[in-house]
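For reference, the chains in residue letters:
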Amino acid sequence: MPRRLWDIYLKLEPLDVKVLRVIEKGLSKYEFVPLEYIERRIRASPTRVNRSLDKLNELKLIRRYVGHTTGYTLTYMGLDILALSALVAREVISRLGDTIGVGKEGRIYLAESPAGDLVVVKFHREGRRSFQHIRKLRSYAMQVPRKSWFRVAKLVGEREFKVLAALKDEGAKVPNPIAWNRHAVVQEFIPGVELYRVRDLSVDEAEKILNDIIDTLAIAYQRVGVVHGDLSEYNVLVTEDIEAYIIDWPQFVYKDEPGADELLLRDVRYIANFFKRKYRIQVDIGEILKRVRGG
Ligand SMILES: Nc1ncnc2c1ncn2[C@@H]1O[C@H](COP(=O)(O)OP(=O)(O)O)[C@@H](O)[C@H]1O
Ligand SMILES: [Mg+2]
């Protein structure tokens, strides 16, 4: 049973976070950051630095390598803590709550903002779809420096934040992005359930949801120039008053990228089949594609 990230965060003192930050910085130069590098950059006695390193190691935020010299690397949880601590310092969130779903590569938490709003924090792991060339390397993970995995996760975070901001600007029904730091994206909490779990919809309600989805796809395509690329009944949240939001955008592709048309067709087919199967709504894929593409 993994310990809660917030509980771990609360155990840390400023010096511990500082040590994590120094190790993160050192990873741009070293695969394992030497002890001397850390000691040189921290104004504290070697005893205190070593005590902090022991503690971080025990909490599994760093990993120690002992060879002819001693070095340290950051774990994903260590990176989570760094993002978390930056988001708290920036007063984006004041408390991290429970996870709301362990995704394939992201870990998603509920959190509270200083104003008392519920928000969602998504910590990305390495990418998928759009980073498949890197994914293929996964079996060689031991040979890939940790910093490249972190770099990809950070890029995915930035991608998700920026595309949500662009979509929201154009009036799409997607979660409002609030902030991002490193590989972590903070977004508005949508009080709803995934489309696949919604029960007892009337045909009218199902049609309304389908229309919301098509409208968002059309805004994405025509005004932002992107295709979702992983649309399904798992990535649509439906609120109590039957508003449908499309979530989970980091694998989007630009509409002029190779393969974009196939992905759009796939997205539309997926969603059309869902409504056909579950609600017996007859949908014309060509019609939907026309609405999404416009003109
Ligand atoms: N903004 C949000 N508001 C409410 N719930 C969310 C939000 N973002 C994600 N979730 C929940 O977390 C789950 C996984 O999120 P998602 O963005 O689809 O990531 P992934 O599929 O990569 O794990 C969703 O199915 C949903 O239950
Ligand atoms: Mg998802």
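Residues numbered from 1 in each chain as written. Chains lettered and ligands numbered in written order. Predicted model: local features only at pLDDT ≥ 70, side-chain atom pairs only at ≥ 80, totals over all residues. Heavy atoms only, no water.

Draft legend 1. Structural context of helix 2 (residues 14–26). Compared with the 18 Å implied by 1.5 Å per residue over 13 residues, the 18 Å span of helix 2 between its first and last C-alpha is a close match. Taken together, the buried positions of helix 2 are occupied by Leu15, Asp16, Val17, Val19, Leu20, Val22, Ile23, Glu24 and Gly26. (Helix = DSSP H or I, 4+ residues; strand = E, 2+ residues; numbered from the N terminus. Expected span 1.5 Å × (residues − 1). Buried < 20%, exposed > 50% of the residue type's maximum accessible area, 1.4 Å probe, protein only.)

Draft legend 2. How the structure looks around the coordination of the magnesium ion (ligand 2). Those protein atoms acting as donors to the magnesium ion (ligand 2) are Asn235 (OD1) and Asp248 (OD), and they sit at 2.2 Å. Taken together, the residues span a long stretch of sequence, with Asn235 in the loop between strand 10 (226–227) and strand 11 (236–239) and Asp248 in the loop between strand 12 (244–246) and strand 13 (253–254) at a distance of 13 residues. The pair Asn235 / Asp248 is uniform in exposure class, with both members buried. (Donors = N, O, S within 2.8 Å, 3.2 Å for Na, K, Ca; no water.)

Draft legend 3. Focus on the environment of Tyr221. Positionally, Tyr221 belongs in helix 8 (residues 203–224). On the basis of relative accessibility, which here comes to 10%, the residue Tyr221 falls in the buried class. For the pair Tyr221 and Gly67, spaced 154 residues apart in sequence, the C-alpha to C-alpha distance is 53 Å. Discounting chain neighbours no more than four positions away, the residues touching Tyr221 are Val226, Val227, Lys255, Asp261, Leu264, Val292 and Arg293. (Contact = heavy atoms within 4.5 Å.)

Draft legend 4. The sheet that holds strand 9 (residues 192–194), seen in detail. In spatial order, the strands read 9-11-12; together these 3 strands make up an open sheet with antiparallel pairing. Of all the strands in the sheet, just strand 9 and strand 12 have a single pairing partner and so form its edges. Strand-to-strand twist in this sheet, taken as the mean axis angle between neighbours without regard to direction, amounts to 30°. Note: strand 9 against strand 11, 3 bridges, orientation antiparallel. Along strand 11, the bridge assignment pairs Gly192 with Thr239. Against the sheet, helix 8 engages strand 11 and strand 12, with an angle of about 35° to strand 12. (Pairing = 2+ DSSP bridges. Axes fitted to C-alpha atoms, helices over the stretch in contact; angles between N-to-C directions.)

Draft legend 5. Expanded view of the nonpolar core. Grouped together as the largest cluster of nonpolar side chains are 46 residues, with contacts concentrated most on Ile23, Ile38, Leu53, Leu74, Ile93 and Leu96. Top element by residues in this core is helix 5 (residues 76–89). It accounts for 7 residues. Taken domain by domain, this core gets at least three of its residues from each of domain 1 (5–74) and domain 2 (92–188). If we skip the residues at most four places from it in the chain, Leu96 touches Arg4, Leu5, Trp6, Leu84, Tyr109, Leu110, Ala111, Val121 and Phe123. Grouped together as the second largest cluster of nonpolar side chains are 43 residues, Ala172, Phe252, Val253 and Ile285 included. (Core = buried A, V, L, I, M, F, W, Y, C linked by side-chain atoms within 4.5 Å. Domains from an automatic or database assignment.)

Draft legend 6. The arrangement of the pairing of strand 6 (residues 118–124) in detail. With 6 of 7 residues buried, strand 6 lies mostly within the body of the structure. Sheet topology note: the strand 6/strand 8 (residues 184–188) ladder contains 5 bridges and is antiparallel. Within the sheet, the bridge partner assigned to Phe123 lies in strand 8 and is Ala184.

Draft legend 7. View of the domain arrangement of the chain. The domain boundaries assigned to the chain delineate domain 1 (5–74), domain 2 (92–188) and domain 3 (192–293). Every contact between the two is made by 20 residues of domain 2 and, on the other side, 20 residues of domain 3. Between domain 2 and domain 3, a total of about 1700 Å² is buried, with carbon and sulfur atoms accounting for 59% of that surface. Linking domain 2 with domain 3 are 4 salt bridges. Its salt-bridge partner being Asp248, residue Lys122 comes within 3.0 Å of it at the nearest N-O pair. (Buried area = accessible area lost by both parts, 1.4 Å probe. Salt bridge = Lys/Arg side-chain N within 4 Å of Asp/Glu carboxyl O.)

Draft legend 8. Inspection of the environment of Tyr65 at higher detail. Of note, Tyr65 is situated in strand 2 (residues 62–66). A C-alpha to C-alpha distance of 7.0 Å links Tyr65 and Phe32, two positions 33 residues apart in sequence. Filtering out sequence-adjacent residues up to four positions away, Tyr65 remains in contact with Phe32, Thr70 and Gly71.

Draft legend 9. Looking closely at the sheet that holds strand 2. Within the open sheet, the 3 strands sit side by side as 1-3-2. Their pairing is antiparallel. Each edge of the sheet is formed by a strand with only one pairing partner; in this case those strands are strand 1 (33–34) and strand 2. Where strand 2 lies against strand 3 (residues 70–74), 5 bridges are found, and the strand directions are antiparallel. Bridge assignment links Ile62 to a residue of strand 3, and that residue is Leu74. With respect to the sheet, helix 4 (residues 46–58) is in contact with strand 2 and strand 3, its orientation differing from that of strand 2 by roughly 115°.

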